[in-house]
Amino acid sequence: MKVIIVGGVAGGASCAARLRRLDEKAEILMVERGPYVSYANCGLPYHVGGVIEKESSLLVASEKTFREQFAIDCRTNCEAIKISADKKTVDLRDVATGEVTTVSYDKLVLSPGAPSVRPPLPGIDLAGIFQVRTVPDARAIREWIEKGSLFLSGMHKYSGFQTVRPKTRAVVIGGGFIGLEMAENLVHRGFDVTLVEMLDQVLAPLDQEMARIVEGYVERHGIHLALNDGVAGFKLAANDAVDVLTKSGKTYPADIVILSLGVRPDTTLAKMAGLKIGERGGIRVDEQMRTSNPDIFAVGDAVEVKDFVTGEWSLIALAGPANRQGRIAADVIAGRNSHFRGSQGTSIIGLFGAAAAWTGASEKTLNRIGDKDYEKIYLYPNSHAGYYPGAKPIAMKVIFRESDGRLLGAQVLGEDGVDKRISALAVALQMGATIYDLEEAELCYAPQFGSAKDPINFAGMVAADVIRGDMPLSHWDSAEEELLLDVREPVELAVESVPGAVNIPLSQLRARLGELPRNREILVICRSGQRAYYATRILLQKGFKARTLAGGMLSRTHAETFWAS
Ligand SMILES: Cc1cc2nc3c(=O)[nH]c(=O)nc-3n(C[C@H](O)[C@H](O)[C@H](O)COP(=O)(O)OP(=O)(O)OC[C@H]3O[C@@H](n4cnc5c(N)ncnc54)[C@H](O)[C@@H]3O)c2cc1C
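Residues numbered from 1 in each chain as written. Predicted model: local features only at pLDDT ≥ 70, side-chain atom pairs only at ≥ 80, totals over all residues. Heavy atoms only, no water.

**Looking at the overall build of the chain**
Alright, step 1. Per the secondary structure count, the chain includes 17 helices and 28 strands.
Alright, step 2. Its C-alpha radius of gyration of 27 Å places the chain within 12% of the 24 Å reference for a compact globule of 565 residues.
Alright, step 3. Structurally, the chain occupies a C-alpha span of about 90 × 70 × 45 Å along its principal axes.
Alright, step 4. Each of the 565 residues in the chain was classed as buried or not, and the buried ones make up 53%.
Alright, step 5. As displayed, the chain offers around 24,600 Å² of accessible surface, 51% of which is attributable to carbon and sulfur atoms. (Helix = DSSP H or I, 4+ residues; strand = E, 2+ residues; numbered from the N terminus. Rg over C-alpha atoms; globule rule 2.2 N^0.38 Å. Buried < 20%, exposed > 50% of the residue type's maximum accessible area, 1.4 Å probe, protein only. Areas by Shrake-Rupley, 256 points an atom, 1.4 Å probe, with all protein chains shown as cover.)

Here is the structure:
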């Protein structure tokens, strides 16, 4: 069997290596347009920032590795330029010589990825404007930065004047994860960084109130955010600098510009082969990664996948799904009955020592599709037992089906323990777990790692309390006519209080129940929701109508208060 794989990075390389492990006899040809296969594009921002110092560290496996270890005919600088699906052939162009050869296949796998969006804006081709997708992209950025830093070595030895102006101002366009990672790394390189984002928040998959926490954090670490503003064009300024012009009429001078406007599935070859393209613009595949042509498979950023929670077709440009899909395509080609389960978009980004992570549906996604059968909770547990040094608060938003408790999505932020919480929630979600399963999950515990009641259990318990009716819930955005009862201590109110709220500290509540009305609903507030829950339980058992305000004061002003806590 002759198998051609187009694209030699995440999806393509996984497919090639897996196929060889399953079939020693298959004739495998993997072609890659660029100079490297199997490189770590996820590490590129950190190479720019100097965290990953050596470029060679990014090269996970070479053309030689594929040839020698896997007996795969691996060709770099080799571009697939045409597919003739009827003849089952692919035209390959040697990038160096331009020579074109035609090869035939029994099965073809497309993993061409998704190039960075590069709109035809005025001035977009000016020197100093970069995108970050490949190793050569990262190299070019490093060279540009280093070229401008020569002055640091001192004065010109004859004239005594500085001959090279330092590069100090960076503008990153786009507040997705690559944009933010680049912004962080440029801060590490000493740049004054402005991030311009067209939306009114960074990290679009997060709900806005959670994104606000991220925004507060990166601003505290020196990134200037210009939200709600799109780039309109670029103008050459003095000393090789670039003026970034925005739609609102502002100008941001920059010595380096990073374009990070998202990616678009590469469907050039797929269209040429007459393959079905879906409504989101990606190659349409079935659960076995087969395209509309049964002999052509497609994987990775170029394909549309079913959203695991909503069932909608979506584009998920992530390394994990690309790798798994490559493996599944190989399985199927080798005769195995593997299936892709869909993607839930599980992601994490590290920023200045903190992390933001998410999985499954966001609240705004559910609202967009008109799904009202959900409830959400906010909680702020410690990353590990508070009595053990170094515990940090985590901000968690967990979304679940109101009717049956099924976990729908989660967003977790903080400086410690974020990754394992979102990973546990992601597995639970994929297994179709309910919040009752989270209550009962048996997780590892020692004080330096977690709590006997881990934040995952805690989330399950809080959510289950809501569904079981033990803790009727309300949210700040729906609070209207109710009486607000603040059960914090007066000293806490001095820092921040809610106008019109009655203050009865939890410790005095039982003695002062007579001060509260029985004919009005009472919304109970505290700092994070925990004391409000205790108070709600007292009130409900004493015959009052009470609800806990989810997440307390911390969820009222997410961004300002969380990192200060
Ligand atoms: C800077 C950066 C950081 C990232 N960080 C993360 C992260 O932290 N976590 C995460 O999950 N994901 C991350 N990603 C996304 C992840 O890298 C992609 O989702 C993944 O690489 C997609 O795999 P793929 O095989 O579909 O495409 P790619 O890995 O992009 O590979 C496609 C390859 O196909 C080649 N190609 C295209 N057309 C042809 C052709 N006609 N002929 C020959 N070759 C061709 C391209 O040159 C390219 O090398 C990051 C991406 C970037 C760019």
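**Remarks on the environment of Ser 451**
Alright, step 1. Its place among the elements puts Ser 451 in the loop between α11 (435-440) and α12 (455-468).
Alright, step 2. Put simply, Ser 451 and Asn 382 are 69 residues apart on the chain and 8.2 Å apart in space, counted from C-alpha to C-alpha.
Alright, step 3. With sequence-adjacent residues up to four places away left out, Ser 451 is seen in contact with His 384, Ala 385 and Tyr 445. (Contact = heavy atoms within 4.5 Å.)

**Here's the deal with the site of the ligand**
Alright, step 1. Near the ligand lie 30 residues; those nearest to it are Gly 11, Glu 32, Asn 41, Ser 111 and Asp 301.
Alright, step 2. Between Arg 33 and the ligand, the recorded distance is 3.0 Å, taken from a backbone N or O atom to a nitrogen atom.
Alright, step 3. Interatomic distance of 2.9 Å between a backbone N/O atom of Ala 319 and an oxygen atom of the ligand.
Alright, step 4. Computed on the free molecule, the ligand has an accessible area of 990 Å², of which 90% lies beneath the protein chains in the complex.
Alright, step 5. Put simply, the parts of the chain that give the shell around the ligand at least two residues each are α1 (10-22), β4 (78-84), α5 (177-188) and α8 (319-333).
Alright, step 6. For the shell around the ligand, the leading source of residues is β4, giving three residues.
Alright, step 7. Class assignment for the residues of the shell around the ligand results in 18 nonpolar, six polar and six charged. (Near = heavy atom within 4 Å. Polar contact = N/O pair within 3.5 Å; in protein donor to acceptor, adjacent residues only side chain to side chain. Nonpolar A, V, L, I, M, F, W, Y, C, P; charged D, E, K, R; others polar.)

**Things to note about the packing of aromatic side chains**
For any two aromatic rings, the description comes down to two numbers: the centre-to-centre distance and the angle of the planes.
Alright, step 1. Inspection of every chain in the model, using the stated rule, returns three aromatic pairs.
Alright, step 2. Ring centres of Tyr 533 and Tyr 534 lie 5.9 Å apart, and the angle between their planes is 45 degrees; this geometry places the pair in the tilted category.
Alright, step 3. With relative accessibility at 22%, the residue Tyr 533 sits in the partly exposed group.
Alright, step 4. On the basis of relative accessibility, which here comes to 39%, the residue Tyr 534 falls in the partly exposed class. (Phe/Tyr/Trp six-rings, centres within 6.5 Å; stacked < 30°, edge-to-face > 60°.)

**Re unusual backbone geometry**
Among all residues save glycine, negative phi is the norm, and among peptide bonds the norm is trans.
Alright, step 1. The backbone of Lys 88 shows a phi angle near 55 degrees, a positive value even though the residue is not glycine.
Alright, step 2. Backbone geometry at Met 289 places phi at a positive 70 degrees, although glycine is not the residue there.
Alright, step 3. Examined against the element boundaries, Met 289 turns out to sit in the loop between α7 (268-272) and β16 (296-298).
Alright, step 4. Take Met 289: its relative accessible area is 1%, and that puts it in the buried class.

**Description of the sheet that holds strand β25 (residues 483-486)**
Alright, step 1. Taken together, five strands build an open sheet; the order of strands is β24-β28-β27-β25-β26 and the sheet is parallel. On the outer flanks of this sheet lie β24 (473-474) and β26 (502-503), each paired with one strand and no other.
Alright, step 2. Inspection of the sheet shows β25 paired to β26 by two bridges, in the parallel sense. Its bridge partner being in β26, Leu 485 is matched across the sheet by Val 502.
Alright, step 3. Against the sheet, helix α15 (residues 530-541) makes contact with β25, β27 (522-525) and β28 (546-549), and its axis sits at roughly 175 degrees relative to β28, the strand it touches most. (Pairing = 2+ DSSP bridges. Axes fitted to C-alpha atoms, helices over the stretch in contact; angles between N-to-C directions.)

**Comments concerning the environment of Phe 234**
Alright, step 1. Positionally, Phe 234 belongs in strand β12 (residues 231-236).
Alright, step 2. Separated by 109 residues in the primary sequence, Phe 234 and Asp 125 have C-alpha atoms spaced 8.8 Å apart.
Alright, step 3. If near-sequence neighbours (up to four positions away) are discounted, Phe 234 is found in contact with Leu 121, Pro 122, Gly 123, Ile 124, Leu 126, Ile 129, Ile 173, Val 242, Asp 243, Val 244, Val 257 and Leu 259.

**Describing the confidence of the model for the chain**
Alright, step 1. Here the chain averages 94 in pLDDT, while 95% of its residues score no lower than 70.
Alright, step 2. This stretch, residues 149-153, has a pLDDT under 50; its non-local contacts, to residues over four places away or in other chains, come to four contacts. (pLDDT = per-residue confidence, 0-100.)

**Focus: the side chain of Glu 32**
Alright, step 1. Along the chain, Glu 32 falls in the loop between β2 (27-31) and α2 (44-49).
Alright, step 2. Within the buried core, Glu 32 has no salt-bridge partner, and the shortest N-O distance to an opposite charge, that of Arg 33, equals 5.7 Å.
Alright, step 3. Sequence-distant contacts of Glu 32, that is, excluding residues within four places in its chain, are made with Gly 7, Gly 8, Val 9, Val 37, Arg 75, Thr 76, Asn 77 and Cys 78. (Lys, Arg positive; Asp, Glu negative; His and termini not counted. Salt bridge = Lys/Arg side-chain N within 4 Å of Asp/Glu carboxyl O.)

**Points about helix α4 (residues 135-147)**
Alright, step 1. The terminal C-alpha atoms of α4 lie 18 Å apart, and with 13 residues this matches the ideal 18 Å at 1.5 Å per residue to within 8%.
Alright, step 2. Buried within α4 we find Val 135, Asp 137, Ala 138, Ile 141, Arg 142, Trp 144 and Ile 145.
Alright, step 3. Tucked into the core, α4 has its buried residues touching α2, β8 (129-131), α5 and β15 (256-259). (Expected span 1.5 Å × (residues − 1).)

**Observations regarding the pattern of salt bridges**
Alright, step 1. What the rule picks out here adds up to 36 salt bridges.
Alright, step 2. The partner of Arg 118 in a salt bridge is Asp 125, and the shortest N-O contact between them spans 3.2 Å.
Alright, step 3. Its relative accessible area of 66% is what places Asp 125 among the exposed residues.
Alright, step 4. Sharing partners across several salt bridges, the network here consists of Asp 207, Glu 209, Glu 363, Lys 376, Lys 397 and Asp 477.

**Focus on the side chain of Thr 291**
Alright, step 1. Secondary-structure assignment places Thr 291 in the loop between α7 and β16.
Alright, step 2. Given the relative accessible area of 8%, Thr 291 is considered buried.
Alright, step 3. A distance of 2.7 Å separates a polar side-chain atom of Thr 291 from the backbone oxygen of Ile 296.
Alright, step 4. Once residues within four sequence positions are removed from consideration, Thr 291 is found in contact with Leu 275, Ile 283, Arg 284, Val 285, Ile 296, Phe 297 and Ala 298.

**A look at the pairing of strand β20 (residues 354-360)**
Alright, step 1. Counting buried positions over the seven residues of β20 gives six, a clear majority of the element.
Alright, step 2. As judged from the six bridges shared by β20 and strand β23 (residues 407-414), these two strands associate in the antiparallel manner. Within β23, the residue paired with Thr 359 across the bridge is Ala 410.

**Concerning the packing of α1 against α8**
Each packed pair of helices is defined by two parameters, the angle between the axes and the distance between the axes.
Alright, step 1. Interaxial distance between α1 and α8 falls to 7 Å at its minimum, and their mutual angle equals 35 degrees. Between α1 and α8 lies a crossing whose hand is right-handed. Contacts between α1 and α8 involve Ala 10, Gly 11, Ser 14, Cys 15, Arg 18, Leu 19, Arg 21 and Leu 22 on the former and, on the latter, Ala 322, Asn 323, Gly 326, Arg 327, Ala 329, Ala 330, Asp 331 and Ile 333.
Alright, step 2. Tallied by class, residues from the contact of α1 with α8 come to eight nonpolar, four polar and four charged. (Left-handed = near helix turned anticlockwise from the far one by under 90°.)

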